[in-house]
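If you want the building blocks of each chain, they are given just below.
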Number of protein chains: 2
Amino acid sequence: MAPQLDGYFKQVDASADDFVARLRKAVAIPSISAEDARRPDVVRMGKWLADELKGLGADVELRQLGKQPHKEHLDLPPVILARYGNDKKKRTILVYGHYDVQPAEKSDGWATEPFEMTVDGKGRMFGRGSTDDKGPVLGWLNAIDAHKKAKVEFPVNLLMCFEGMEEYGSEGLDDLIYKEAKGYFADADAVCISDNYWLGTQRPCLTYGLRGCNYYSLEVWGPGADLHSGVFGGTVQEPMTDLVRILGSLVDTNGKIQIPGIMEQVALVTQDEDGLYDGISFTMDDLYESLGSKTSIYEDKKATLMARWRYPSLSIHGVEGSFSSPGAKTVIPAKVIGKFSIRTVPDMETDKTNECVYKYVKEQFAKLKSKNTIKVYAQHTGNWWAASPKHWNFAAAAKATQRVWGVEPDFTREGGSIPVTLTFEQATGKNVLLLPMGSSTDGAHSINEKLDKRNYIEGIKLLGAYLHYVAEEPQT
Amino acid sequence: MAPQLDGYFKQVDASADDFVARLRKAVAIPSISAEDARRPDVVRMGKWLADELKGLGADVELRQLGKQPHKEHLDLPPVILARYGNDKKKRTILVYGHYDVQPAEKSDGWATEPFEMTVDGKGRMFGRGSTDDKGPVLGWLNAIDAHKKAKVEFPVNLLMCFEGMEEYGSEGLDDLIYKEAKGYFADADAVCISDNYWLGTQRPCLTYGLRGCNYYSLEVWGPGADLHSGVFGGTVQEPMTDLVRILGSLVDTNGKIQIPGIMEQVALVTQDEDGLYDGISFTMDDLYESLGSKTSIYEDKKATLMARWRYPSLSIHGVEGSFSSPGAKTVIPAKVIGKFSIRTVPDMETDKTNECVYKYVKEQFAKLKSKNTIKVYAQHTGNWWAASPKHWNFAAAAKATQRVWGVEPDFTREGGSIPVTLTFEQATGKNVLLLPMGSSTDGAHSINEKLDKRNYIEGIKLLGAYLHYVAEEPQT
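Predicted model, so just to flag it, every value in this text is computed and none were measured.

A. The environment of Asn383(A), seen in detail. Residues and elements named next belong to chain A. Mapped onto the secondary structure, asparagine 383 falls in the loop between strand E16 (373-382) and strand E17 (385-386). For asparagine 383, a relative accessible area of 35% puts it in the partly exposed group. It is 7.1 Å that separates the C-alpha atoms of asparagine 383 and threonine 344, two residues lying 39 residues apart in sequence.

B. Here's a closer look at the interface of chain A and chain B. At the interface, 79 residues of chain A touch 79 residues of chain B. Taken together, chain A and chain B are joined by 2 salt bridges. A salt bridge links Lys371(B) to Glu299(A); the nearest nitrogen and oxygen atoms lie 2.8 Å apart. Here the element with the most residues in the side of chain A that touches chain B is strand E13 (residues 313-320) of chain A; it accounts for 8 residues.

C. Inspection of the packing of helix H1 (residues 6-14) of chain A against helix H4 (residues 130-150) of chain A at higher detail. Residue and element names in this part refer to chain A. Where H1 contacts H4, the two axes come as close as 9 Å, and the packing angle between them is 110°. Considered as vectors, H1 and H4 are oriented roughly perpendicular to each other. Considering how the two elements wind past one another, H1 and H4 form a crossing that is right-handed. Across the interface between the two elements, Gly7, Tyr8, Gln11 and Val12 from H1 touch Ala143, Ala146, His147, Lys149 and Ala150 from H4. Here the residues of the contact of H1 with H4 sort into 5 nonpolar, 3 polar and 1 charged.

D. Structural context of the domain arrangement of chain A. All names here are of chain A. The domain boundaries assigned to chain A delineate domain 1 (5-210 + 384-472) and domain 2 (212-266 + 311-382). Relative placement of domain 1 and domain 2: their C-alpha centres are 38 Å apart. Opposite the 7 residues of domain 1 that make contact, domain 2 presents 8 residues. By the criterion of area lost to domain 2, the three top residues of domain 1 are Trp384, Gly415 and Ser417, representing 78% of everything that side buries. Seen at the junction of domain 1 and domain 2, the total is 0 salt bridges. Connecting domain 1 to domain 2 are 2 residue pairs in polar contact (both at pLDDT 80 or more). Class assignment of the residues belonging to the side of domain 1 that touches domain 2 gives a composition of 3 nonpolar, 3 polar and 1 charged.

E. Spatial organisation of the relation of the copies chain A and chain B. At an RMSD of 0.1 Å, chain A and chain B line up after a rotation of 180° and a shift of 0.1 Å along the axis. Accordingly, the operation relating the two chain copies is best matched by a two-fold axis. Within chain A, the C-alpha atom positioned nearest to the axis of rotation is that of Val244(A), 2.6 Å from it. Interface residue correspondence from chain A to chain B reaches 100%, placing this contact among same-surface, isologous pairings.

F. Up close: the packing of aromatic side chains. Enumeration according to the criterion identifies 19 aromatic pairs over all chains in this entry. With a centroid separation of 6.5 Å and 65° between ring planes, the pair formed by Trp140(A) and Tyr466(A) is classed as edge-to-face. Highlighted residues: Trp140(A) in helix H4 and Tyr466(A) in helix H14 (residues 453-472), separated in sequence by 326 residues. For the pair Trp140(A) and Tyr466(A), a shared accessibility class is recorded, and that class is buried. Feature note: the residues Tyr96(A), Tyr184(A), Phe185(A) and Phe424(A) constitute an aromatic cluster, connected by ring pairs. In this structure, Arg308(B) packs its charged tip against the face of Phe232(A), placed 5.8 Å from the ring centre.

G. Inspection of helix H2 (residues 16-27) of chain A at higher detail. Residue and element names in this part refer to chain A. For H2, with 12 residues, the first-to-last C-alpha span of 17 Å sits near the 16 Å given by 1.5 Å per residue. Of all the residues in H2, the buried ones are Ala16, Phe19, Val20, Arg22, Leu23, Ala26 and Val27. The arc that holds every buried residue of H2, seen down its axis, measures 155°, which confines them to one face. Exposed residues on H2 whose side chains face more than 90 degrees from its buried face are Asp17 and Lys25. Looking at the buried positions of H2, the neighbouring elements they touch are H1, helix H3 (39-55), strand E7 (124-126), H4, strand E20 (450-452) and H14.

H. Broad picture of helix H12 (residues 392-405) of chain B. Residue and element names in this part refer to chain B. An ideal rise of 1.5 Å per residue puts 20 Å on 14 residues; H12 measures up with 19 Å between its terminal C-alpha atoms. Buried residues dominate H12, accounting for 10 of its 14 residues. Positive phi shows up at glycine 406, right after H12, with a value of about 75°.

I. Fine view of the sheet that holds strand E20 (residues 450-452) of chain B. Residue and element names in this part refer to chain B. Overall, antiparallel pairing links the 3 strands, which are arranged E6-E7-E20 in an open sheet. The sheet is open, and its two borders are formed by strand E6 (118-119) and E20, each paired with just one other strand. With 3 bridges connecting them, strand E7 (residues 124-126) and E20 associate as antiparallel partners. Pairing of phenylalanine 126 across the sheet is with lysine 450, part of E20. Contacts between helix H4 (residues 130-150) and the sheet are confined to E7 and E20, with E20 contributing the most and set at about 50° to the helix.

J. Molecular detail of the pairing of strand E9 (residues 190-193) of chain A. All names here are of chain A. Of the two faces of E9, the one lined by Ala190 and Cys192 and the one lined by Val191 and Ile193 are each fully buried. Pairing of strand E5 (residues 92-98) with E9 involves 4 bridges; the strand directions are parallel. Residue pairing in the sheet places isoleucine 93 in a bridge with alanine 190 of E9. In terms of strand pairing, E9 meets strand E19 (residues 432-434) through 3 bridges, oriented parallel.

K. The side chain of Glu458(B), seen in detail. Residue and element names in this part refer to chain B. Its place among the elements puts glutamate 458 in helix H14 (residues 453-472). Residue glutamate 458 is classed as buried on the basis of its relative accessible area, which comes to 18%. A distance of 3.1 Å separates a polar atom in the side chain of glutamate 458 from a polar atom in the side chain of lysine 461. Aside from chain neighbours lying at most four places away, what touches glutamate 458 is Asp13, Val404 and Trp405.

L. A look at the UniProt feature "site: Important for catalytic activity" (unreviewed entry) in chain A. UniProt records the feature "site: Important for catalytic activity" (unreviewed entry) for His228(A) in the present numbering. Assessed through its relative accessible area of 38%, His228(A) is described here as partly exposed. Setting aside its immediate chain neighbours within four residues, His228(A) contacts Gly233(A), Thr330(A), Ile332(A) and Arg343(B).

M. Broad picture of empty space enclosed by the protein. Applying the stated criterion to the full structure yields 2 cavities of 30 Å³ or more. Roughly 70 Å³ of internal volume is contained in the largest cavity. Every residue along the wall of the largest cavity is listed here: Gly234(A), Val236(A), Gln237(A), Glu238(A), Thr241(A), Val251(B), Asp252(B), Thr253(B), Gly255(B), Ile297(B), Ser313(B) and Leu314(B). For the lining of the largest cavity, the residue count by class is 4 nonpolar, 6 polar and 2 charged. When its volume is computed, the second largest cavity comes out at roughly 60 Å³.

What counts, and where the lines are drawn
- Residues numbered from 1 in each chain as written.
- Chains lettered and ligands numbered in written order.
- Predicted model: local features only at pLDDT ≥ 70, side-chain atom pairs only at ≥ 80, totals over all residues.
- Heavy atoms only, no water.
- Helix = DSSP H or I, 4+ residues; strand = E, 2+ residues; numbered from the N terminus.
- Buried < 20%, exposed > 50% of the residue type's maximum accessible area, 1.4 Å probe, protein only.
- Contact = heavy atoms within 4.5 Å.
- Salt bridge = Lys/Arg side-chain N within 4 Å of Asp/Glu carboxyl O.
- Axes fitted to C-alpha atoms, helices over the stretch in contact; angles between N-to-C directions.
- Parallel < 35°, antiparallel > 145°, perpendicular 65-115°, else oblique.
- Left-handed = near helix turned anticlockwise from the far one by under 90°.
- Nonpolar A, V, L, I, M, F, W, Y, C, P; charged D, E, K, R; others polar.
- Domains from an automatic or database assignment.
- Buried area = accessible area lost by both parts, 1.4 Å probe.
- Polar contact = N/O pair within 3.5 Å; in protein donor to acceptor, adjacent residues only side chain to side chain.
- Least-squares fit on C-alpha atoms with pLDDT ≥ 70 in both.
- Phe/Tyr/Trp six-rings, centres within 6.5 Å; stacked < 30°, edge-to-face > 60°.
- Lys NZ or Arg CZ within 6 Å of the ring centre and 35° of its normal.
- Expected span 1.5 Å × (residues − 1).
- Arc of directions from axis to C-beta.
- Pairing = 2+ DSSP bridges.
- UniProt positions renumbered as here; feature names shortened; annotations may be inferred.
- 1 Å grid on protein atoms, 1.4 Å probe; cavity = no way out; pocket = protein on both sides within 12 Å on 5 of 7 lines; lining within 4 Å.
- Points joined across faces, edges and corners; volume = space filled by probe spheres on them.

Here's what the structure looks like:
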């Protein structure tokens, strides 16, 4: 039966100004993890967050992760581990978020000071970190706060893991998660991450899948040093000629991957899944607006969503070592490195995919009968993630969405990767839910990042309601 | 009949130390035209050169060229125009050289201070500008000097044109040459430029041809801004995919240009020309040493020299707008610009070649059936140059070479362009001879640039002897 949430919701509305003020304080700390000089601000942000949690009655630990790899003069900011409630009769939910932010300067083109949160007439709260990810992180704190103020019993035990390096590769976090899976996180019955976005601006969503990414370098070299094309053009086999020929053989204009053995690994569309796409709140105009053009591969929504979520794609990102500046330079580059990546999906295997790529690239190169030398390798690989949206964790979130927003959520995947998702799943063995607060127009990594006040306040209600439904949901 | 040169030669040997000292003074002035902060040194070098010329009795003008285009805060350095001798009964030879140099810092890897000329045990005179082009420019001054000291009558009237912007695009020079063709240069019977190099290290050469260069940009764009490959990979037609496919269709690994209408324009090899290559002092090992590898297209000297001198070549220089740094970035570039160029040869026409390129590129793009947009255009074009090596100007230089070096010179072309050569030919309508002083190992634009003392001193004899043979040579 549906939990009694009215008292909680009323309190969230009554505390709305306080919650906005709390976010304003958080935005005011420029916790930019990518800038060495801002490291003290990142640490300050972590301590502020820990103090807020302590003030709410949580048990808090600041976990030091040591020195930053390759920047040994810098200490990594602490991971904030916190527990609120320790009742063996309740379910325990582990939530993750991050308190660091992307770089921002007013001069980048911001309309307002990025670290002074500014609310406009439409309730848009502009400021770096507002939606990514300080708003959602404070969402959990505000949910605790409102329960206390409304004297509503908190329905679960909450474990929290808030890191300060997400925007710079989550340095050190994976080790901690694996270590604490049987330690600090041992009680967790499920995981919830609020660090992504609605597919559009109207319909809330629950996210159950992410593509992986295998990123490749293809090096081609011959001459001992760069050559002048006037002196040597026509007499030497040019690495750049070989490179563009191989890169040109990887994928066609319509995104069809030419490498045998890739598509063969992709899971077939089930009837269940096939029905999912039609109802999704997404239009081709949404895509065209995001692209800033109509140069899409497909003309219809379903094919587009499937291409983004459940099929692999291959993108050529660039060439290192060639002439890349404006103007003209008559160089024959001695060594060039093509960069491309494949977005992976169920049931592709990383090693098998790599082998298919290596074999194909070597075959294409052999066809050229070139005297140059190549080397192809994966710079990094990250597996895809796909959770079961039928798990009680998702069922609870769907009911909470219906209760707060009055609509069924879209069940979505994302084309990009959020590596920590997979880490939590693999380390804890528990279901992981992505429960976004912000919408597609928030501009997480752009200038004028914002979070709509409505998404923030209703989002706080949603996070709290989710925990109540989690407490009631039968085991699946 | 052969002119009496013994007195002149003896004097050059006797003055060798003075001539080396003169070059040391010139090298000591860091006249780097590409560096704004060095502009006063470039001007100082021009004035020093003008003073030296005046000291030798030449009439000298410093021609101001106004402000530097796109750098209006900088005055262009003066062009030094000078005349030595004004005897209507003598032939008049116009010589060109430049007194500016490439950038150089000890920290670039120089073994010695680049602006302190250092002579080693093998007589190698190390210093920036030693061979390019201060040594050859002073060669003309030293030739005058030695004639005066030896009291040998100077055999011709000498017109000199020495510029200070050669290493930065010869800004302003073309206009001056065209303007003075019927003015300061009106008397010239032929032109001689000493600003290139022997093909190897042993055999002197006379150069009668240069390839031209048409440099193309191929722009491909679609999305309004760079996209994230996770979010959009598979749903959008990627400009980089189209670009590498088109670039990959231009030329093959063995340098065969795939664009119809290019090779069809190339002049056929005549029997005369065919016989030229075998005797040239050049080996495949010379090529391998220059390449730093054995990745040559051809296995034999003749095919290699023909590919370098008399056939067109197509090189792909790079891609602007794609990810070109080390590491990994999962970007779908919104707009990419491929850069490639074609080295042109007799009898290719610039406009016709451009049309062939544009047509082919558009055809290749049409085959892709892409929604992206392309633009292909020539960034700049420079025509090939081919003089008649049978002209008296070359005949005189060949006899002088035989006299000084005791060998027949190689008659060579160069694969690269020296645009001023064509300008002098077109503006004056006179035969132009390239008469190099240095050798292939001088490293003109590299660290540890040097000029062998032997090449410098024998080169001074050669320049003087050339002028004597010019005076005797019958009209051709």
